[in-house]
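Architecture at a glance
The residues making up each chain are set out below.
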Amino acid sequence: MTEKTSPGPRELFGDVAPALAAYSEDVLFGQAWKSPELSPRDRSLVTVASLITSGSSEQLTFHLPLAKRNGVTEAELIETITHMAFYAGWPKAMSALTVAREQFRSA
């Protein structure tokens, strides 16, 4: 069984925002995510925590599967969400948990 891969920024929104799609692929994922100071696994955990803190739960639909591909387990992601409830707020954690449940069920 092969795991689903998410479409890249150019496929997702390149038709309406080609410059933002290019920056996302070339700078964000092409340079920042490849910097050797943090592993992809660590970057995923930091990113998931940041998305929860900012209330950007819709972005978790991309970043939770990416985190799993980067070696983060579902249990670790759930623990991250639970931990963030105390720092980011209960509603933000509950919103993130709703996204996670859907993502993990569809995987």
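Above this text sits the structure in question.
This section reports on the structure supplied with the text. (Residues numbered from 1 in each chain as written. Predicted model: local features only at pLDDT ≥ 70, side-chain atom pairs only at ≥ 80, totals over all residues. Heavy atoms only, no water.)

Observations concerning the pattern of salt bridges
Operational definition: Between Lys or Arg on one side and Asp or Glu on the other, a salt bridge is scored when a side-chain nitrogen of the former is within 4 Å of a carboxyl oxygen of the latter. Put simply, DSSP marks the helices as runs of H or I at least four residues long and the strands as runs of E at least two long, and each gets a number from the N terminus on. Relative accessibility thresholds used throughout: buried, under 20% of the residue-type maximum; exposed, over 50%; partly exposed, between the two (1.4 Å probe, protein chains only).
Within this structure, the stated rule accounts for four salt bridges. The salt bridge partner of Arg-10 is Glu-25, with a shortest N-O separation of 2.3 Å. Within this pair, whereas Arg-10 is found in helix 1 (residues 9-13), its partner Glu-25 is found in helix 2 (residues 18-28), the two being separated by 15 residues in sequence. We classify Arg-10 as partly exposed; its relative accessible area is 39%. A salt bridge links Glu-76 to Arg-41; its shortest N-O distance comes to 2.5 Å. Note that Glu-76 is positioned in helix 5 (residues 74-88) and Arg-41 in helix 3 (residues 40-54), a separation of 35 residues in sequence. Exposure remark for Glu-76: the relative accessible area of 31% places this residue in the partly exposed category. If you follow the salt bridges from partner to partner, you end up with Arg-10, Glu-25 and Asp-26 in one network.

Details of helix 3
Filter applied, for reference: To estimate how far a helix should extend, the number of its residues minus one is multiplied by 1.5 Å. Note on contacts: a residue pair qualifies if any of its non-hydrogen atoms lie within 4.5 Å across the two residues.
Look at helix 3: 21 Å from first C-alpha to last across 15 residues, which is about the 21 Å you get at 1.5 Å a residue. Among the residues of helix 3, Arg-43, Ser-44, Thr-47, Val-48, Ala-49, Leu-51 and Ile-52 are the ones counted as buried. Residues of helix 3 that are buried in the fold lie against helix 4 (60-69), helix 5 and helix 6 (90-106). Positive backbone phi, approximately 75 degrees, marks Gly-55, located one or two places after helix 3.

Brief notes about helix 5
Owing to its 3.6 residues per turn, the α-helix brings residues three or four apart onto one side. Helix length check: helix 5, at 15 residues, gives a terminal C-alpha distance of 20 Å against a target of 21 Å (1.5 Å per residue), a fit within 8%. Its buried side turned inward, helix 5 meets helix 3, helix 4 and helix 6. With its phi angle positive at about 115 degrees, Gly-89 sits one or two positions after the end of helix 5.

Here's the deal with the packing of helix 3 against helix 4
Put simply, the test is: Only the contacting stretch of a helix is used when fitting its axis, a line to C-alpha atoms as for every element, and angles between N-to-C directions run 0 to 180 degrees. Small angles under 35 degrees read as roughly parallel and large ones over 145 as roughly antiparallel, with 65 to 115 read as roughly perpendicular and the rest as oblique. It is the rotation of the near helix from the far one that decides the hand of a crossing: anticlockwise by less than a right angle makes it left-handed, clockwise makes it right-handed. We call Asp, Glu, Lys and Arg charged. Ala, Val, Leu, Ile, Met, Phe, Trp, Tyr, Cys and Pro are nonpolar, and the rest, Gly among them, are polar.
Two elements in contact, helix 3 and helix 4, have axes whose closest approach is 9 Å; the angle formed by their N-to-C orientations is 155 degrees. By the criterion of interaxial angle, the relationship of helix 3 to helix 4 is roughly antiparallel. Where helix 3 crosses over helix 4, the handedness of that crossing is left-handed. Residues Ser-44, Thr-47, Val-48, Leu-51 and Ile-52 of helix 3 form the contact with helix 4, whose own contacting residues are Leu-60, His-63, Leu-64, Leu-66 and Ala-67. For the contact of helix 3 with helix 4, the per-class residue count stands at seven nonpolar, three polar and no charged.

Digging into the side chain of Ser-24
Among the secondary structure elements, Ser-24 is positioned in helix 2. Once residues within four sequence positions are removed from consideration, Ser-24 is found in contact with Pro-9, Phe-13 and Phe-29.

Some remarks on the packing of aromatic side chains
The geometry of an aromatic ring pair is captured by the separation of the ring centres together with the interplanar angle, meaning the angle of the planes. Our working definition: In this scheme Phe, Tyr and Trp rings, the latter by its six-membered ring, pair at centre separations within 6.5 Å, and the angle between planes marks the pair as stacked below 30 degrees, edge-to-face above 60, and tilted otherwise.
Under the definition given, this model contains three aromatic pairs. Taken together, a centroid distance of 5.6 Å and an interplanar angle of 65 degrees make the contact between Phe-29 and Phe-62 edge-to-face. Here Phe-29, found in the loop between helix 2 and helix 3, pairs with Phe-62, found in helix 4; they are 33 residues apart in sequence, far enough to count as distant. Clustering of aromatic rings is evident, with ring pairs tying together Phe-29, Trp-33 and Phe-62.

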